Amino acid sequence: MQQPTEYIIVLGTNVGDRQANLDQAIAGIAALGEILQKSQVLETLPILIRAQGRFLNQGLRVVSRLNPPELLDALLALEARIGRQKRIKNGPREIDIDIVWSSAEPVNLPNLRIPHPYNRAREWIRQIMNELKSDAADSETGVVWSRIRGNALMNIHDFAKKKLAGEKISVVTCYDHAFARLVARTSIDAILVGDSLGNVIQGGANTLGVTVDDMIYHARAVRRGAPQAFIVVDMPFMSYQMSVEKALENAGRIIKETGADAVKLEGGSAILPQVRALVAAGIPVMGHLGFTPQSLLAFGGYKVQGKTDAAAETLLSDAEALNSAGAFAVVLEMVPAPLAEKVSKACTMPAIGIGAGAAVDGQVLVITDLLGMDPDFAPRFVRKYANLSQDILKALEGYAADVRDTKFPSDKETFH
Ligand code: KIV
């Protein structure tokens, strides 16, 4: 028997007498330790498979002398006693009992992970954690639970709601499944599958060569890694500029073939008919003003935009026009902070800045920039939250050295 460990255990049920299932689970858990606190009972919608009944959920703060694997075994036995049937994953269930937090070290076993990788993205689990253990730090990220906000149920209306409530919106670019899985485990509000993939992933000098097929390929991988995230996909160069019909056709393909939530288009008054047509067709549009990378050749390089009075006036009226045309948000890239602030104040849609200062409604960064994956790229508006290039180089050199010195694989890493 080990020292007592504190756990947060959550219950879910959407088959049979749901309250009776909860009561039976709570009685069973009381035999495994001391229940210090019960959360309120929540009624929630199913997340991944929508065509099933609503769940009743409840959380328990429990102290037990069982270690996490022992507790898991006891909880699985309890699920069986309550009559849980084997059905499809994420489908209906008589009872589901999960350990979502413990005061012990994180657990990373094939059948048990504490914290569970998707805790942070589930609104009801955040609610229960806030009620039962708001001062606890998430053991993977160190972020205190009461500060964790989720992205699970974000939709276009939440962008304006967040702006009204004064809550800043965080957006990050993402291009593949591996990173999407990680972003999905954070409280970042939205993912942008940016055509910056032309530079970052394809190694191009700019974004001009990116195709609709490229965007679809990457956005599908991101959607698979982040099934619940709000995903915006860039419409690449020349996929919407030519005509309203082209814009509808290509945006339609992107939405249908990727499962994305919205598209992003660069430009102001010149593309208003396209924006109006997409919005009328039910395709949410994010605008992009200021330094718009698809106009790199016209700008003659990477330059801050909106610096003269005339340019600032045009940018402001473009933003107002996009707002009236129904765009749900606009990216402002490399514009002076006072101008970005004016745009934010003039529009109901949030202004999401990148190199646009702090007085906007949210920020977007390119994921490889914020993770410090390119030691040679450090524009003024990027903050590097990690130095992954160093970590990756160290890991790769360590592997190469171990292979050379026959230190890898060890006996433990070998099949016999
Ligand atoms: O393509 C992209 O990544 C973008 C961001 C820089 C906003 O448009």
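Residues numbered from 1 in each chain as written. Predicted model: local features only at pLDDT ≥ 70, side-chain atom pairs only at ≥ 80, totals over all residues. Heavy atoms only, no water.

Novice: Mind laying out the sheet that holds strand S8 (residues 169-173), listing which residues take part and the relevant values?
Specialist: Within the closed barrel, the eight strands sit side by side as S8-S9-S10-S11-S12-S13-S14-S15. Their pairing is parallel. Recorded for the sheet is a direction-independent mean angle of 25 degrees between the axes of neighbouring strands. Across three bridges, strand S10 (residues 230-234) lies against strand S11 (residues 262-264) in parallel orientation. Bridge assignment links Val232 to a residue of S11, and that residue is Ala262. (Pairing = 2+ DSSP bridges. Helix = DSSP H or I, 4+ residues; strand = E, 2+ residues; numbered from the N terminus. Axes fitted to C-alpha atoms, helices over the stretch in contact; angles between N-to-C directions.)

Novice: Outline the packing of aromatic side chains, listing residues and values.
Specialist: One pass over the structure, following the stated rule, counts six aromatic pairs. An angle of 40 degrees between the planes, with centres 5.6 Å apart, marks the rings of Phe291 and Phe299 as tilted. Among the residues examined, Phe291 registers a relative accessible area of 1% and is labelled buried. For Phe299, a relative accessible area of 24% puts it in the partly exposed group. (Phe/Tyr/Trp six-rings, centres within 6.5 Å; stacked < 30°, edge-to-face > 60°. Buried < 20%, exposed > 50% of the residue type's maximum accessible area, 1.4 Å probe, protein only.)

Novice: Explain the environment of Ser324 to me, using residue names and the numbers behind them.
Specialist: In this fold, Ser324 is placed in helix H11 (residues 309-325). Ser324 sits in the exposed class, given a relative accessible area of 67%. Along the primary structure Ser324 and Thr348 are separated by 24 residues, whereas in three dimensions their C-alpha atoms are 9.2 Å apart.

Novice: Explain the site of the ligand to me, using residue names and the numbers behind them.
Specialist: Close to the ligand lie Thr173, Leu192, Gly194, Asp195, Ser196, Asp234, Lys264, His288, Val331, Glu333, Ile354 and Val364. Here an oxygen atom of the ligand sits 2.4 Å away from a polar atom, N or O, in the side chain of Ser196. Interatomic distance of 3.0 Å between a side-chain N/O atom of Asp234 and an oxygen atom of the ligand. In isolation the ligand has 260 Å² of accessible area, and contact with the protein removes 96% of it. Here the residues of the shell around the ligand are counted per class, giving four nonpolar, four polar and four charged. (Near = heavy atom within 4 Å. Polar contact = N/O pair within 3.5 Å; in protein donor to acceptor, adjacent residues only side chain to side chain. Areas by Shrake-Rupley, 256 points an atom, 1.4 Å probe, with all protein chains shown as cover. Nonpolar A, V, L, I, M, F, W, Y, C, P; charged D, E, K, R; others polar.)

Novice: Describe the pairing of S8, and please don't skip the residues or the numbers.
Specialist: Counting buried residues in S8 gives four out of five residues, a clear majority hidden from the surface. Sheet analysis places S8 next to strand S15 (residues 362-365), joined by four bridges and oriented parallel. Each residue of the ladder has a partner; that of Val172, found in S15, is Leu365. Pairing of S8 with strand S9 (residues 190-193) involves three bridges; the strand directions are parallel. Bridging across to S9, Val172 finds its partner in Ile191. This β-α-β element, S8 to helix H5 (residues 177-183) to S9, shows right-handed connectivity. (Right-handed = clockwise from strand over helix to strand, strands pointing away.)

Novice: Outline the environment of Glu266, supporting the account with residue identities and numerical values.
Specialist: Within the secondary structure layout, Glu266 lies in the loop between S11 and helix H9 (272-280). For Glu266, a relative accessible area of 6% translates into the label buried. When residues no more than four places from it in sequence are discounted, the contact partners of Glu266 are Asp195, Tyr240, Ile271, His288, Thr292, Pro293, Gln294 and Ser295. (Contact = heavy atoms within 4.5 Å.)

Novice: Before we move on, can you summarise the pattern of salt bridges with the specific residues and values?
Specialist: Between side chains of opposite charge, a pair can form when the charged atoms approach closely. Under the definition given, this model contains 15 salt bridges. Between Asp261 and Arg223 there is a salt bridge, with its nearest N and O atoms 2.8 Å apart. Within this pair, whereas Asp261 is found in the loop between helix H8 (244-258) and S11, its partner Arg223 is found in helix H7 (residues 212-225), the two being separated by 38 residues in sequence. A residue is classified by how much of its surface remains accessible, and Asp261, at 26% relative accessible area, is partly exposed. We note a salt bridge from Glu257 to Arg253, for which the minimum N-O separation is 2.9 Å. With Glu257 and Arg253 both in helix H8 and four residues apart, the pair spans about one turn of that helix. (Salt bridge = Lys/Arg side-chain N within 4 Å of Asp/Glu carboxyl O.)

Novice: Kindly report on the packing of H7 against H8, identifying the contributing residues and their values.
Specialist: Two numbers describe how H7 lies on H8: the axes approach to 9 Å, and their chain directions differ by 25 degrees. For the element pair H7 / H8, the angle class is roughly parallel. Of the two elements, H7 crosses H8, and the hand of that crossing is right-handed. In contact with Val212, Asp213, Ile216, Ala219, Arg220 and Arg223 of H7, H8 contributes Asn250, Arg253, Ile254, Glu257 and Thr258. (Parallel < 35°, antiparallel > 145°, perpendicular 65-115°, else oblique. Left-handed = near helix turned anticlockwise from the far one by under 90°.)

Novice: Could you give an account of unusual backbone geometry, with specific residues and numbers?
Specialist: The amide bond that connects Phe408 to the next residue, Pro409, takes the cis arrangement and shows omega of 0 degrees. Among the secondary structure elements, Pro409 is positioned in the segment after helix H14 (388-404). One non-glycine residue, Met238, adopts positive backbone phi at about 70 degrees. Inspection of the secondary structure puts Met238 in the loop between S10 and H8. With phi around 50 degrees, Thr406 is a residue other than glycine that occupies positive phi space. As for its placement among the helices and strands, Thr406 is situated in the segment after H14.

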